[in-house]
Amino acid sequence: MRDLDLSLYLVLDPELCGGLAGMVQTAHRAAQAGASVVQLRAPQWKKRQYLQAATELKAALDPLGVPLIINDHLDIALAVDAAGVHVGQADLPVEVVRRLLGPDKLIGLSTSNASQLAAAPLHLINYVGVGPVYPTGTKPDASPVIGLAAFSQLMRDKRLPAVAIGGIQAGMAAPLIAAGVDGVAVVSAICGRPDPAAATAALLNEIRGARP
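Residues numbered from 1 in each chain as written. Predicted model: local features only at pLDDT ≥ 70, side-chain atom pairs only at ≥ 80, totals over all residues. Heavy atoms only, no water.

Visitor: Quick question: what am I supposed to make of the pairing of strand E7 (residues 162-165) here?
Guide: Each regular strand shows side chains that alternate between the opposite faces of the sheet. With three bridges joining them, strand E6 (residues 127-130) and E7 adopt parallel strand pairing. If you follow Val128 over to E7, its bridge partner there is Ala162. With three bridges joining them, E7 and strand E8 (residues 183-186) adopt parallel strand pairing. Across the sheet, residue Val163 finds its bridge partner in E8, namely Gly183. (Pairing = 2+ DSSP bridges. Helix = DSSP H or I, 4+ residues; strand = E, 2+ residues; numbered from the N terminus.)

Okay, structure coming up:
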C-alpha cells in the first residue's frame, strides 16, 4: 500500500467552492500551493455529475502529483482510476473496499472515538480521519464533537497515520499537530476563500511551524 502525506488534506464542497468549475479551480490552486491530498465529497450529486467532477479533478491534480481521494463512491474511484477511497463507519466495509480496489490504492476510514480507532483494520487501510474535532457546518450528519482534550488523548493511542477533521480554520491547526496528528483536513478554510492558494499557504506555514 502507498505512503501518503496527510499534512494538508483538502475536502471539496461543491456549494462552498461554487460548483464543478469552482471545485476544479480551487483544487488546482490549492495543490499548486502545497495541499497534499484532495478529496471529492459531494453527497447530493448524481453519479454522472460525480463522474465528470472526478475526471476533471484527476486531470488537474495528476500533473502536480497530488492524489485524488473519492468519498464513499467506490465505483467512481474505479472508473477514473483515483488514488483511493475514503469511507465512513456506515459505508461499504473496508474489507470489501480493499478487495475491489486492490493492494496499491489508498483507503481512509472515518473515526470519532476510541472504540472505532481500536477496531480500525490496520492491514487494510492507510489512514484514519478523526473528528469532528470542532463544530462543523459542512457535514450535517457528523458525529458528536470530540474537542481538543479528547482528541489529544486519542492521538496518544493512535496506531495509524491520522488526519484531524471538523471545523478546522486558520489558526486552529497548530494545537492538533502538537497533539500528534499527521495532518489536518479542511473544507471552508480553503473552499470559497477569495484566494485559495494564499489560504493553503497560510495553513501549511502553521502546520509546519507546529511540528518539532
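Visitor: I'm lost on the pairing of strand E3 (residues 68-71) in this one. Help?
Guide: Alternating positions in E3 separate into two faces, Leu68 and Ile70 on one and Ile69 and Asn71 on the other, with burial throughout. In this structure, strand E2 (residues 37-40) lies alongside E3, joined through three bridges in parallel fashion. The residue bridging Gln39 from the neighbouring strand is Ile69, located in E3. Each parallel crossover has a hand, and the one from E2 via helix H3 (residues 47-61) to E3 is right-handed. Where E3 meets strand E4 (residues 84-87), three bridges bridge the pair, whose relative direction is parallel. By the bridge assignment for E4, Ile70 is matched with Val85. (Buried < 20%, exposed > 50% of the residue type's maximum accessible area, 1.4 Å probe, protein only. Right-handed = clockwise from strand over helix to strand, strands pointing away.)

Visitor: Could you clarify how one ought to interpret the sheet that holds E6 in this entry?
Guide: The strands that make up a sheet are held in pairs by hydrogen bonds between backbone atoms, and each pair lies either parallel or antiparallel. Within the closed barrel, the eight strands sit side by side as E1-E2-E3-E4-E5-E6-E7-E8. Their pairing is parallel. Averaged over all pairs of adjacent strands, the angle between their axes in this sheet comes to 25°, without regard to strand direction. Sheet topology note: the strand E1 (residues 8-12)/E8 ladder contains three bridges and is parallel. Within E8, the residue paired with Tyr9 across the bridge is Ala185. Set on the sheet, helix H5 (residues 94-101) makes contact with E4 and strand E5 (106-111); between it and E5 the angle comes to about 165°. (Axes fitted to C-alpha atoms, helices over the stretch in contact; angles between N-to-C directions. Contact = heavy atoms within 4.5 Å.)

Visitor: Mind showing me how you'd approach helix H2 (residues 19-32) here?
Guide: What sets the pattern is the α-helix's 3.6 residues per turn: residues three or four places apart point alike. Helix length check: H2, at 14 residues, gives a terminal C-alpha distance of 20 Å against a target of 20 Å (1.5 Å per residue), a fit within 8%. Within H2, burial applies to Leu20, Gly22, Met23, Val24, Thr26, Ala27, Ala30 and Ala31. Looking at the packing, one finds that the buried side of H2 touches E1, helix H1 (14-17), E2, H3 and helix H9 (196-210). Just downstream of H2 lies Gly34, where phi reads positive at about 120°. (Expected span 1.5 Å × (residues − 1).)

Visitor: In this structure, what is going on with the packing of H2 against H3? I would like to understand it.
Guide: Geometrically, a packed helix pair is captured by the angle between its two axes and the distance between the axes. It is the contact of H2 with H3, at a shortest axis distance of 10 Å, that shows an interaxial angle of 25°. Classified by the interaxial angle, the pair formed by H2 and H3 is roughly parallel. Viewed along their axes, H2 and H3 form a crossing whose handedness is right-handed. From H2, Leu20, Met23, Val24, Ala27, His28 and Ala31 reach across to H3, where they touch Gln52, Ala53, Glu56, Leu57, Ala60 and Leu61. The residue inventory of the contact of H2 with H3, partitioned by class, reads nine nonpolar, two polar and one charged. (Parallel < 35°, antiparallel > 145°, perpendicular 65-115°, else oblique. Left-handed = near helix turned anticlockwise from the far one by under 90°. Nonpolar A, V, L, I, M, F, W, Y, C, P; charged D, E, K, R; others polar.)

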